[in-house]
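# Residue-level structural notes
This is what each chain is made of:
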Amino acid sequence: MISRDDVAHVARLARLRLEEAEADRVTAELARILEHIDKIGELDLTGVEPTAHVLAVADVLRADKPRPSLSRGDALRNAPAVSADCFRVPRIQS
């Protein structure tokens, strides 16, 4: 199903350096993975809708509800530095 040459080729593309023992182990592991994928491919999935999640998930975020925000004074109360009713931050120099 997958040869050692295939693994070596993919390793070269991914810029991975595999030792001989690693290449043999990875080849065996990938062969087992591909066997499982082949078994899944044998399933009759006619009438089964494609899904991205096993559970029916609706919008999980709460609805936005308008509410009053902080006043300018409350927002600036704990600021380390304030200038003309604005946050004062260090100058960014490039």
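Above this text sits the structure in question.
Residues numbered from 1 in each chain as written. Predicted model: local features only at pLDDT ≥ 70, side-chain atom pairs only at ≥ 80, totals over all residues. Heavy atoms only, no water.

### Regarding the pattern of salt bridges
Applying the stated criterion across every chain, the model contains four salt bridges. The salt bridge involving E20 is made with R4; its shortest N-O contact spans 2.5 Å. Of this pair, E20 sits in helix α2 (residues 20–41) while R4 sits in helix α1 (residues 4–13), placing them 16 residues apart in sequence. R4 gets classed as partly exposed once you look at its relative accessible area, which sits at 31%. A salt bridge links E29 to R25, with the shortest nitrogen-to-oxygen separation between them at 3.3 Å. Of this pair, E29 and R25 both sit in helix α2, separated by four residues, roughly a single helical turn. Relative accessible area serves as the criterion here: at 32%, E29 is assigned to the partly exposed category. (Salt bridge = Lys/Arg side-chain N within 4 Å of Asp/Glu carboxyl O. Helix = DSSP H or I, 4+ residues; strand = E, 2+ residues; numbered from the N terminus. Buried < 20%, exposed > 50% of the residue type's maximum accessible area, 1.4 Å probe, protein only.)

### Some remarks on a nonpolar patch on the surface
On the surface, V54, L55, V57, V60 and L61 cluster together into a nonpolar patch covering about 590 Å² of accessible area. Among the secondary structure elements, L55 is positioned in the loop between α2 and α3 (72–76). Looking at L55, the relative accessible area reads 58%, which means it is exposed. (Patch = residues over 30% accessible without salt bridge, like charges linked within 9 Å, V, L, I, M, F, W, Y side chains within 5 Å. Areas by Shrake-Rupley, 256 points an atom, 1.4 Å probe, with all protein chains shown as cover.)

### Quick notes on the side chain of T27
Following the sequence through the fold, T27 ends up in helix α2. Ignoring sequence-local partners within four residues, the contact set of T27 consists of I2, S3, R4 and V7. (Contact = heavy atoms within 4.5 Å.)

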